[in-house]
Protein chains: 2
Amino acid sequence: MPWTPALRLDSSADLPLFLQIARAVTDDVQRGRLRPGDRLPGSRSLAASVGVHRNTVLAAYDELAAEGWVTTTAGSGTRVSFDLPERPVTPSAPTTDRLGFPLRPFSPTHPVEEPVPGPGPAPFLLNGGLPDLARVPSAELARALRRLLRRDPARLLAYGDPAGSRALRASLATMLRARRGLACTVDSLVVTRGSQMGLYLLAQALLRPGDRVLVEEFGYAPAWEAFRQAGAELVPTPVDRDGLDVDAVGRELESGRCAAIYTTPHHQFPTMAVMSAPRRLRLLDLARVHRVPIIEDDYDNEFHYVGEPVLPLAAVDRAGVVVYVGTLSKVLAPGLRIGWVAGPRELVDQLVVRRRFVDRQGDQAVESAVAELIDDGTVPRHVRRMRRIYARRQEVMAEALRRHLGARVQLEVPSGGLALWPRLDGVDVDGWSARARRRGVVFAPGSVFSFGRRPSSHARIGFGGIDEDRIDEAVRRLAEVLDG
Amino acid sequence: MPWTPALRLDSSADLPLFLQIARAVTDDVQRGRLRPGDRLPGSRSLAASVGVHRNTVLAAYDELAAEGWVTTTAGSGTRVSFDLPERPVTPSAPTTDRLGFPLRPFSPTHPVEEPVPGPGPAPFLLNGGLPDLARVPSAELARALRRLLRRDPARLLAYGDPAGSRALRASLATMLRARRGLACTVDSLVVTRGSQMGLYLLAQALLRPGDRVLVEEFGYAPAWEAFRQAGAELVPTPVDRDGLDVDAVGRELESGRCAAIYTTPHHQFPTMAVMSAPRRLRLLDLARVHRVPIIEDDYDNEFHYVGEPVLPLAAVDRAGVVVYVGTLSKVLAPGLRIGWVAGPRELVDQLVVRRRFVDRQGDQAVESAVAELIDDGTVPRHVRRMRRIYARRQEVMAEALRRHLGARVQLEVPSGGLALWPRLDGVDVDGWSARARRRGVVFAPGSVFSFGRRPSSHARIGFGGIDEDRIDEAVRRLAEVLDG
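None of the values given here were measured: they were computed from a predicted structure. (Residues numbered from 1 in each chain as written. Chains lettered and ligands numbered in written order. Predicted model: local features only at pLDDT ≥ 70, side-chain atom pairs only at ≥ 80, totals over all residues. Heavy atoms only, no water.)

### Points about the overall build of chain A
Step number 1: Helix and strand content of chain A: 16 helices and 15 strands.
Step number 2: Principal-axis analysis of the C-alpha atoms gives chain A an extent of 90 × 55 × 50 Å.
Step number 3: Relative to its full complement of 484 residues, chain A shows a buried share of 63%.
Step number 4: Long-range pairs, those at least 24 residues apart, make up 71% of the contacts in chain A between residues at least 6 apart in sequence.
Step number 5: About 17500 Å² of surface is accessible on chain A, with carbon and sulfur atoms providing 51% of the total. (Helix = DSSP H or I, 4+ residues; strand = E, 2+ residues; numbered from the N terminus. Buried < 20%, exposed > 50% of the residue type's maximum accessible area, 1.4 Å probe, protein only. Contact = heavy atoms within 4.5 Å. Areas by Shrake-Rupley, 256 points an atom, 1.4 Å probe, with all protein chains shown as cover.)

### Examining the relation of the copies chain B and chain A
Step number 1: For the pair chain B and chain A, the superposition axis carries a translation of 0.0 Å, the fit reaches an RMSD of 0.1 Å, and the rotation angle comes to 180°. As the rotation angle and translation indicate, the two copies are arranged about a two-fold axis. Nearest to the rotation axis, the C-alpha of Arg146 of chain B is located 3.5 Å from it, this being the minimum over chain B.
Step number 2: The residues that chain B uses at the interface reappear at the interface of chain A in 99% of cases, marking a shared surface. (Least-squares fit on C-alpha atoms with pLDDT ≥ 70 in both.)

### Description of the sheet that holds strand 14 (residues 444-445) of chain A
Residue and element names in this part refer to chain A.
Step number 1: Here we have three strands laid out as an open sheet, ordered 12-15-14, and antiparallel in their pairing. The strands lining the two open edges of the sheet, one partner per strand, are strand 12 (419-420) and strand 14.
Step number 2: Bridge count for strand 12 against strand 15 (residues 459-462) is two bridges, and the pairing is antiparallel. Counterpart to Leu420 in the pairing with strand 15 is Ile461. (Pairing = 2+ DSSP bridges.)

### Section: the interface of chain B and chain A
Step number 1: With 119 residues of chain B at the contact, the number on the chain A side is 118 residues.
Step number 2: For the chain B face of the interface with chain A, the top three residues by lost area are Arg104, Arg318 and Phe357 of chain B, together amounting to 9%.
Step number 3: Where chain B packs against chain A, one counts two salt bridges.
Step number 4: In this structure, the salt-bridge partner of Asp359 of chain A is Arg193 of chain B, at a minimum N-O distance of 3.9 Å.
Step number 5: The tally of links between chain B and chain A comes to 28 residue pairs in polar contact (both at pLDDT 80 or more).
Step number 6: Considering only residue class, the side of chain B that touches chain A consists of 66 nonpolar, 20 polar and 33 charged. (Buried area = accessible area lost by both parts, 1.4 Å probe. Salt bridge = Lys/Arg side-chain N within 4 Å of Asp/Glu carboxyl O. Polar contact = N/O pair within 3.5 Å; in protein donor to acceptor, adjacent residues only side chain to side chain. Nonpolar A, V, L, I, M, F, W, Y, C, P; charged D, E, K, R; others polar.)

### Quick look at the layout of surface pockets
Step number 1: Reported here for the largest pocket is a volume of approximately 850 Å³.
Step number 2: As for the largest pocket, its lining consists of 32 residues, of which Asp240, Arg241, Thr271, Ala273 and Glu412 of chain B are closest to the centre.
Step number 3: Sorting the residues of the lining of the largest pocket by element identifies helix 3 (54-67) of chain A together with strand 6 (233-240) and helix 10 (277-290) of chain B as the ones contributing at least two each.
Step number 4: A per-element tally of the lining of the largest pocket places strand 6 of chain B first, with three residues.
Step number 5: Residues belonging to the lining of the largest pocket are distributed by class as follows: 15 nonpolar, eight polar and nine charged.
Step number 6: Here the second largest pocket is characterised by a volume of approximately 740 Å³.
Step number 7: What lines the second largest pocket is a set of 38 residues, among which Leu133 of chain A together with Ala154, Arg155, Ala158 and Tyr159 of chain B lie closest to the centre.
Step number 8: Looking at the lining of the second largest pocket, the element that brings in the most residues is helix 13 (residues 364-375) of chain B, giving five residues.
Step number 9: Residue composition of the lining of the second largest pocket, grouped by class: 17 nonpolar, ten polar and eleven charged. (1 Å grid on protein atoms, 1.4 Å probe; cavity = no way out; pocket = protein on both sides within 12 Å on 5 of 7 lines; lining within 4 Å. Points joined across faces, edges and corners; volume = space filled by probe spheres on them.)

### A look at the pattern of salt bridges
Residue and element names in this part refer to chain A.
Step number 1: Going through the model one piece at a time under the given rule, you end up with 64 salt bridges over all chains.
Step number 2: Note that Arg439 and Glu480 form a salt bridge whose closest N and O atoms lie 2.6 Å from each other. With Arg439 in the loop between helix 15 (429-438) and strand 13 (441-442) and Glu480 in helix 16 (residues 468-480), the pair connects residues that are 41 residues apart, well separated along the chain.
Step number 3: Under the relative-accessibility criterion, Arg439 is labelled partly exposed at 29%.

### Some details on the environment of Gly181 of chain A
Step number 1: Take Gly181 of chain A: it is sitting in the loop between helix 6 (166-180) and strand 4 (189-193).
Step number 2: Under the relative-accessibility criterion, Gly181 of chain A is labelled buried at 13%.
Step number 3: Setting aside residues up to four positions removed in sequence, Gly181 of chain A forms contacts with Leu176, Leu311 and Ala315 of chain A together with Leu15 of chain B.

Written out as structure tokens, the structure reads:
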């Protein structure tokens, strides 16, 4: 008896009817129900038997012929191709549940703070160290994007320089020379997808499996995971009110197995400590003597409220040991994914070579638009404005914490940054954070920034993303749930 | 005698005067010309001696105090801090030429075709397999971007899902189910920065240093380099008019050291061969038996001119061995950097975990805008329109090659793709390509797609980016310079 497809056509399915018929045939070939040389029903009879228009069946057969499953000859109609292999592939429906090969699993060992809030009533977001995204000049950005895409679509939509838009590199290099004292040119700078890609590329270019990397604890877990993906072993190094403990760094470097030092000297993440000048010089000297690169993550240079921002290590580096990583995630917005690495030309060239095969290039339209907003003064204006706003919010937040938490909180107001790092002795901060989240206030407990999520008596209270007039209510709720 | 700075102030420099003064002080501290405890000149006298306003000197001293280089006390004026280290850091100007630490160099071993033309008169670009960027709906894209950035700036500019915009994953999953027969959901798909990032992440998730990866020769070098960055050893495998030589694959798999198979079965890159159905089934079966993943790069599914596009291997995979990589680089434009990987859920989850620490996330605004253009029919319309245009250009290009190169060229017109792969026996194609470039016609010699850039009698002649009415002139020039 002639083959008839085990067919339940579903006209509501995404897959067109003719493809559903074609799949039914290939499924049966693979199940062995159809064998090479078997004749398929004529298009009329099949159309009748499954209740579709004949053209649908013809389309299915054309598809099958195009894929080589069947051959149609004048005399003998449509047959399953003779040159198909006898042994069928494992019969079963297509699936995305089965994994037919081994993986090389990577699992983050450190919790990453989730800036995305849980469900609940309009939450107060005091987490993520986020800037005020409602005040970003997004209209100017959208206009610049539209203008550029109209003026020069073919160039912006084509392949470009893996080092990033030359216009943006020029704007950034000028800014880094003028505001941060770096000896930086368009060619000693690579634009990356946020500082994260800069850190990732550096890990790939600097680290071999088994290398030890000095990191700060408390510190920035996403950087740690980038180092771990390169196979590095992390060496947590303490920080205090003067920043990274450089004596501990010295001892580790003596061990000779350290391949890099990762630090956030300006506003230490998350404690906001500013590294002291003596430590800066000692650190530079240690790196020079041991020929170990310092990865300086200056993720938040601009929002410094007491005097001028401290110049980066990279500005006083004379030995070519500092690699400077920056970002516009705080200046503008993390969603733009614009960061950079500035450093010795040879290193930067190497990062560009590797980056080309990671994602080929950045977003040329966004990069060009941001360059315009820097050059026409929009971004500098935004920074000046936000610095005033954030300085004020820092004050208000500090007052509110002292008012509502009183003697329970120990708080040193740092000279910059978008978050405070209060200490609450005898408080289960993890539990407090969980209770606060249920009350609509999201903040990160200190444990999130520690190794192996060790309990901490610190909390990270951000104020960048909350309006001044909502701060008191947020802190009032925090106080309410302080004790279970 | 009191210290005076070795100062050549440059009011035209990027670095503000007060910072120039501050740097002069720190330089001299590091040179040992200034020692801990040394008194600095009074602001008035220094201002007079270097010819600046006193406030400039005061700003410099404030900066130095903020950085901890100096301390200012009522009685004794401004002194170099006592707690600075005695041993100065190597004295010399800041530089980006010096590299003070070892690198882990990566050098591509395969030439990568440069889509960017050399200098010269308005060139005819027959290279890069580029689509027609002048016809991309960039105005619609710009409008969608602007609308989205106005409607929802805070969300689009914030942190988001490393797997990509949910809206775009939904649009792509629907497209892959309906047009390509994949069993694909929003959760078995990760949006990547072009197919390149998909290939890179797969290499990281699948390969260990020393693993062997089967690749096609001729083939796609940027994928090879992504595998090499993961430490893989490439095993070039021949292709013919039926695509990848599956018997050769079987022999290699028997050796047991092969960790992945990379193939472009639909329009083999760069030969455009369509893999035959028997080979498809054999390849799937080999992968299933040896538990080796097939990385199916379907970089150009839509532009198929003879019948329907052949369904991907992923559509008939029953064993969970196919990983499907796709891109919008041909459908829309490479500059959008939108690609994806669809595959077993466990693999996709692993890619998302790793991607988070590579660049955190894609461009949410662009991803959302493209999703809108897919859902509102703009992209499907564009594809239908361009398919007609490209089919016609393919015809015209083939005719022109035959007309101007006559018997010198052997040409099989493939069933799809944006380029032809003519063969010219006895022609030094590398030399021909170089001469053509000087005549303003850019195309890639076959050697670019071979291992170790072996000479080839093939050329890759793209027609996606050149208007129909310019094709004849381009080929006329090619013919002129065919023989040195």
